[in-house]
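Notes for the structure review
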Amino acid sequence: MNLTRLLLTGLVCCMTSLLMGQQLSLYTQYREHATLINPAAMELDFLALGYPMTVGASYRKQWTGISGSPTTQTLRFSYVNAGRSSANLTAGAYVINDQTGPTGFTGFYGRVGAVLGSDVEYSGLSLALSAGYVGYQVRASELVLRDGGDITGMTNQSQSHPDVGFGLYFYNTVGRNDNQIYVGLSVPQLLGFDLTYTNDAGEFDVQRVRHYYAMAGTILRFRDESFMELSAWGKYVEGAPFNADFNMRYQMNNALYLGTGLSTAGNFHVEAGVNLGPNAGLDNNIRIGYGADYSFSSFGPSVGGTHEIQVSLALDR
């Protein structure tokens, strides 16, 4: 499913057919990007550690063995008003920049929603919308054409469009150890518009399709204040096979955490990081994490590994 993003460049160059597949950015440490995947999701900082506000950033380099492979940078902010009313505010914003060879997009989004529940620190049903503006670019000078005369002389192209997303997310505390479960459904790219680039030399289209996401998991707490999170992220795009990631992360009772997982696309995940909070004498929490993917799929040539680094700051207020 990831390979489709690289083939997007071939779509632009060949202009012979419409290719449907994953177009939005992928993440190894997808729990760190939960609010980008689902505008109604709760941050791990809130669910596991009780912090209502998070600021974070990440950088991802995919398929390091290929020139022009996808790179993604994100900035995000999240807030939950953990009050005692029947409906509490959840809000945030994020910026994302994604580039694959000569094609790419930059988006600016805000999100707002309500968390329904009498005590949202322990249980709630969240509903939220995201809305933003996305700019798409094609750098003509970097295109490698199948036939030299197809779109000769085409200049760089760019278009901007509004975008909207929607999400549902439920979480609950269960058991004597305050274990937690969560499940969410989202359509982060709801409009599914077409991008048509035209000039005197020719015309080509890139169709932006809807993505349907599901996320579920559980946080299992232990007596020594360590915990383990088991999670899954399912992705479906019309015209492409269903794809899912499964991950396990263990937070030790000190600063360190370790994680591993698998993808049905044939990827093996590893991640590691540190949480620097009360254990380091801080009122707030700083998390620094690194994740990597290795593809063991037998389909197609080797494209190299994927590397991702993220840092976040969780604030009590």
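A brief report on the enclosed structure follows. In this numbering scheme, every chain counts its residues from 1 along its sequence in written order. Per-residue local features of the predicted model are confined to residues with pLDDT of at least 70, and side-chain atom pairs are confined, for both listing and counting, to 80 or more; whole-chain, interface and lining totals are unaffected and use all residues. Excluding hydrogens and water, the side-chain values take into account all heavy atoms of the structure.

Another point: the pattern of salt bridges. Salt bridge, as used here: a side-chain nitrogen of Lys or Arg that lies within 4 Å of a carboxyl oxygen of Asp or Glu. Tallied over the full model, the rule gives 10 salt bridges. Two residues, Arg-31 and Glu-229, come together in a salt bridge whose shortest N-O distance is 2.6 Å. Here Arg-31, found in the loop between helix 1 (3-14) and helix 2 (34-37), pairs with Glu-229, found in strand 11 (residues 227-237); they are 198 residues apart in sequence, far enough to count as distant. Neither residue differs from the other here; Arg-31 and Glu-229 are each classed as buried. Between Arg-76 and Glu-32 there is a salt bridge; the shortest N-O distance is 3.8 Å. With Arg-76 in strand 2 (residues 71-80) and Glu-32 in the loop between helix 1 and helix 2, this pair connects stretches of sequence that are 44 residues apart. Between buried and exposed lies partly exposed: a residue is buried under 20% and exposed over 50% of the maximum accessible area for its type, with that area taken using a 1.4 Å probe on protein chains only. The buried category is assigned to Arg-76, whose relative accessible area is 4%. Take Glu-32: its relative accessible area is 0%, and that puts it in the buried class. Only DSSP runs of H or I with at least four residues qualify as helices, and only runs of E with at least two residues qualify as strands; both kinds are numbered from the N terminus onward.

The next subject is unusual backbone geometry. Of all residues except glycine, most have a negative phi; of all peptide bonds, most are trans. With phi around 55°, Trp-63 is a residue other than glycine that occupies positive phi space. Relative to the helices and strands, Trp-63 resides in the loop between strand 1 (53-61) and strand 2.

In this description, a nonpolar core means a group of buried Ala, Val, Leu, Ile, Met, Phe, Trp, Tyr and Cys residues linked to one another through side-chain atoms lying within 4.5 Å. With 33 residues, the main nonpolar core has Met-42, Leu-47, Tyr-169, Tyr-171 and Trp-233 as its most contacted residues. Every element with two or more residues in this core is listed here: helix 2, helix 3 (44-49), strand 3 (87-100), strand 4 (103-116), strand 5 (123-138), strand 6 (157-174), strand 10 (211-221) and strand 11. No other element matches helix 3, which puts four residues into this core. What makes two residues a contact is simply this: any of their non-hydrogen atoms within 4.5 Å. When neighbours within four sequence positions are excluded, Tyr-171 is seen to be in contact with Met-42, Phe-46, Leu-47, Val-115, Val-120, Tyr-122, Ser-123, Gly-124, Ile-181 and Tyr-182.

Let us look at the pairing of strand 14 (residues 267-276). What you see with strand 14 is a clean split: Asn-267, His-269, Glu-271, Gly-273 and Asn-275 sit on the buried side and Phe-268, Val-270, Ala-272, Val-274 and Leu-276 on the side with no burial. For two strands to pair, DSSP has to find at least two bridges joining them. Relative to strand 14, strand 13 (residues 256-263) runs antiparallel, the two being bridged by eight bridges. What sits directly across from Leu-262, in strand 14, is Phe-268. Between the end of strand 13 and the start of strand 14, which pair antiparallel, lie three residues, with Gly-266 showing a positive phi angle near 90°. Looking at chain direction, strand 14 and strand 15 (residues 285-295) are connected through 10 bridges and run antiparallel. Along strand 15, the bridge assignment pairs Leu-276 with Ile-286.

With that settled, the discussion passes to empty space enclosed by the protein. Using a 1 Å grid laid over the protein atoms alone, points where a 1.4 Å probe fits but cannot get out form a cavity; open sets with protein on both sides within 12 Å along at least 5 of 7 lines form a pocket; any residue with an atom within 4 Å of a point counts as lining. Grid points are joined across faces, edges and corners, and a volume is the space filled by probe spheres set on the points. Tallied over the full model, the rule gives six cavities of 30 Å³ or more. Taken as a whole, the second largest cavity spans an internal volume of roughly 190 Å³. Taken together, 16 residues line the second largest cavity, and the ones lying closest to its centre are Leu-24, Ser-25, Leu-36, Tyr-94 and Ile-96. Within the residue set of the lining of the second largest cavity, elements represented by two or more residues are helix 2, strand 3, strand 4 and strand 5. Three classes are used: nonpolar for Ala, Val, Leu, Ile, Met, Phe, Trp, Tyr, Cys and Pro, charged for Asp, Glu, Lys and Arg, and polar for all others, with Gly counted as polar. Residue composition of the lining of the second largest cavity, grouped by class: 12 nonpolar, two polar and two charged.

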